[in-house]
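Commentary on secondary and tertiary structure
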Amino acid sequence: MGLTGLEIFKHLPKTNCKKCGFPTCLAFAMALANGKTSLDNCPDVSDVAKEALSSAAAPPIRLVKVGSGDNVLEMGDETEIFRHDKRFNHPTVVAIAVNDNEDIDAKIDAINGLAFDRVGQHYEVDMVALVNASGDAATFKAAAEKAAAKTQKNFTLVTADVAAMEGALQVLAGRKPVIYAADKDNYEKMTELAKANGCPLAVKGENLDDLAELVDKIVALGYRELVLDPGSRDTSKVLADMTQIRRLAVRKKFRSFGYPTMVFTSKDDPQEEMLQAITYIAKYTGLVVLNTTKKELLLPLLSWRANVYTDPQKPVAVEPGVYEIGEVNENSPVYCTTNFSLTYFLVEGEVDATRIPSYIISVDTGGISVLTAYADNKFTAEKIAAAIKDLGMEEKVKHKQIVIPGAVAVLKGKLEDESGWEVIVGPRESAGIQKFAKERFA
Ligand code: SF4
């Protein structure tokens, strides 16, 4: 949410000296508001005006980075309340808690194993939240050593004890973990540690008012790499707090809340815990810490995250072309579909399950699904015929038969005329492919 030209104009010298290359200060202000020039092009703007303009033009929620080298996670830099208004930028970081007094090797092995490939995308858990459950600084440090050796994932270090935090940072500072958390009693020391190590600092309030006050105190100490925890743990209260923080930051530009947020789930039952995490991912949480490592719960959670954070203006597409499923030969069936990712991978999964090696032609429809593409003239007989030719299908198979989705059976006649191939109308839904293939090709 940038400034308007008139808001910028108020801060300019108003001499119309033209040194910026624009005829008037107002013209310069309008160009600046549209991102067509930079404030640096006016040599006469005062430092006070510069400060006012740059802080007013800063994103409503700060971009905060965790990790180092090739392993950096970004949080924040969000500008929207609703995803369909533009997009959400940085997916919620998903962390799993590991207590310093539990079997660290076993839990970290389980966390490392939480990686999935689904519809052409790779999902994994991002972070380990190492918790000083023992209350002992030496145990916490030893756990940090063990955990650091076991995983390349990023870390959040969870302890209110400054000495314990210092010890763990001796091990992990180079990996720039989140320091959790500064509270009203320890914030000066925790801010010093965060500053000295260049790590993001989580700020934990007892409620929203308390949180805003604490953030202001830490900013006054000169540190802004912050992550906000409003302290609530009850699902509906977390939801209300996260919503309020986002609205105040984005709509009111309330600077004390202009940072990414984090929360811990609080339910013991893994399924209830997952429902909390799903809610928090949907509503604005930058980092969520869970306990369970159950794969059957984490896969849907990470899929949900991917869906919430998909850019609604960009269809998820696979590369158009011909895909070989299994050890194909000149007798293998040829299916065709669109290059909308979800459609393609559903078809691929079903074709794979037929155990009959086959080709799938993914026609370039700009990443939209079969019926939408058909309605928009992007999945036409001409396009499919061109794909058959351009992909050299006549050299790959000798049967000249192609299976089209049942939903576009209407294309059969024209496609036969255009391509000279026999067109077989397949099932309307991909779920019917196995039965269809058994009857037709087995
Ligand atoms: Fe105005 Fe600055 Fe441009 Fe001169 S250089 S016209 S003062 S905006």
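Residues numbered from 1 in each chain as written. Predicted model: local features only at pLDDT ≥ 70, side-chain atom pairs only at ≥ 80, totals over all residues. Heavy atoms only, no water.

**A short note on the site of the ligand**
The following threshold applies: The criterion for a residue being near a molecule or strand is simple. One of its heavy atoms has to lie within 4 Å of it. Side-chain classes are defined by residue name, with Ala, Val, Leu, Ile, Met, Phe, Trp, Tyr, Cys and Pro counting as nonpolar, Asp, Glu, Lys and Arg as charged, and the others, Gly among them, as polar.
By nearness alone, every residue bordering the ligand is listed as Pro13, Thr15, Asn16, Cys17, Lys18, Lys19, Cys20, Cys25, Phe28, Cys42 and Pro43. Considering only residue class, the shell around the ligand consists of seven nonpolar, two polar and two charged.

**Observations regarding the domain arrangement of the protein chain**
Our working rule: Segmentation into domains, and thus their bounds, comes from an automatic or database assignment.
Partitioning the protein chain into domains gives domain 1 (5-57), domain 2 (64-308) and domain 3 (321-440). Centre-to-centre separation of domain 2 and domain 3, based on C-alpha positions: 45 Å.

**Remarks on the environment of Leu214**
In plain terms, the rule: In this text, helices come from DSSP runs of H or I with a minimum length of four residues, and strands from runs of E with a minimum of two, each type numbered from the N-terminal end. Burial classes: relative accessible area under 20% of the type maximum marks a residue as buried, over 50% as exposed, and values in between as partly exposed (1.4 Å probe, protein chains only). Two residues form a contact once any of their heavy atoms are found within 4.5 Å.
Here Leu214 lies in helix H8 (residues 208-220). Take Leu214: its relative accessible area is 3%, and that puts it in the buried class. Sequence spacing of Leu214 and Ala182 is 32 residues, and the spatial spacing of their C-alpha atoms is 8.6 Å. If we skip the residues at most four places from it in the chain, Leu214 touches Ala182, Asp183, Lys184, Tyr187, Val203 and Lys204.

**Side note on the pairing of strand E12 (residues 287-290)**
To keep it simple, the criterion reads: Paired strands, as defined in this entry, are two strands with at least two bridges between them according to DSSP. The handedness rule is simple: strands pointing away from the viewer, and a clockwise path from the first strand over the helix to the second, make the crossover right-handed.
Burial along E12 is two-sided: the residues Leu287 and Val289 and Val288 and Leu290 are all buried. Of the strand pairs in this sheet, strand E11 (residues 262-264) and E12 are connected by three bridges, and their pairing is parallel. By the bridge assignment for E12, Met262 is matched with Leu287. Between the parallel pair E11 and E12, the chain is carried across by helix H10 (residues 270-282), and the sense of this crossover is right-handed.

**Re the side chain of Lys107**
As a reminder of what qualifies: The definition of a polar contact used here is a pair of N or O atoms within 3.5 Å, where within protein one atom must be able to donate a hydrogen and the other to accept one, and adjacent residues in sequence count solely through side-chain atom pairs.
As for its position among the elements, Lys107 is in helix H4 (residues 104-112). Classification of Lys107 by relative accessible area gives buried; the value is 14%. From its side chain, Lys107 meets the backbone oxygen of Ala97 in a polar contact 2.8 Å long. If we skip the residues at most four places from it in the chain, Lys107 touches Ile96, Ala97, Val98, Glu102, Asn291 and Thr293.

**A few points about the side chain of Thr156**
Following the sequence through the fold, Thr156 ends up in strand E7 (residues 154-158). Look at Thr156 and you get buried, because its relative accessible area is 0%. Discounting chain neighbours no more than four positions away, the residues touching Thr156 are Met127, Val128, Ala129, Leu130, Val178, Tyr180, Met262 and Leu287.

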